[in-house]
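Residue-level structure breakdown
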Amino acid sequence: MNPLVIAILAVFAVASALTIVRMVIGPSILDRAVASDVLLTMVLCVLGAEAVINQHTRTLPVMLIIAAIGVFGSIAVARFVARKERDR
């Protein structure tokens, strides 16, 4: 395996671990939502890097689905928080 690939995977593994910690101990739902968006973005980056390294486009549909899930999840959390704030 290429040393560059190992370095990329190590950096993303550490960043993912820290993001998961933020998702677990985040004091508010907005912190957890932002952490989940960051985690989805890191997954997209890893899939994109893998596609570039191996010179293929097979992961493009998976990347599009993950991006759509991230957008719809963010919208759902924003609506939930807005409704909760309005009820106060």
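What you see is a predicted model; the values in this text were computed from it and never measured.

Digging into unusual backbone geometry
Despite not being glycine, Gln 55 shows a phi value in the positive range, around 55°. Relative to the assigned elements, Gln 55 resides in the loop between helix 2 (29–54) and helix 3 (60–87). Judged by relative accessible area, Gln 55 falls into the exposed class, the value being 72%.

Topic: the UniProt feature "transmembrane region" (unreviewed entry) in the protein
Under the UniProt annotation, the feature "transmembrane region" (unreviewed entry) is placed at residues 33–53 and 60–82. Here residues 33–53 is 100% helix and 0% strand, with 30 Å between the C-alpha atoms at its ends. Span residues 60–82 is 100% helix and 0% strand, its end C-alpha atoms 33 Å apart.

Observations concerning a nonpolar patch on the surface
A cluster of nonpolar side chains, namely Ile 20, Val 21, Val 24 and Ile 25, defines an oily patch on the protein surface of about 370 Å² accessible area. Along the chain, Ile 20 turns up in helix 1 (residues 3–25). Take Ile 20: its relative accessible area is 42%, and that puts it in the partly exposed class.

Observations concerning the side chain of His 56
On the secondary structure map, His 56 appears in the loop between helix 2 and helix 3. Relative accessible area serves as the criterion here: at 14%, His 56 is assigned to the buried category. One polar contact links His 56 to Glu 50, side chain to side chain, over a distance of 3.0 Å. Residues within four places of His 56 in sequence aside, it is in contact with Glu 50 and Ala 51.

Rules and cut-offs
Residues numbered from 1 in each chain as written. Predicted model: local features only at pLDDT ≥ 70, side-chain atom pairs only at ≥ 80, totals over all residues. Heavy atoms only, no water. Helix = DSSP H or I, 4+ residues; strand = E, 2+ residues; numbered from the N terminus. Buried < 20%, exposed > 50% of the residue type's maximum accessible area, 1.4 Å probe, protein only. UniProt positions renumbered as here; feature names shortened; annotations may be inferred. Patch = residues over 30% accessible without salt bridge, like charges linked within 9 Å, V, L, I, M, F, W, Y side chains within 5 Å. Areas by Shrake-Rupley, 256 points an atom, 1.4 Å probe, with all protein chains shown as cover. Salt bridge = Lys/Arg side-chain N within 4 Å of Asp/Glu carboxyl O. Polar contact = N/O pair within 3.5 Å; in protein donor to acceptor, adjacent residues only side chain to side chain. Contact = heavy atoms within 4.5 Å.

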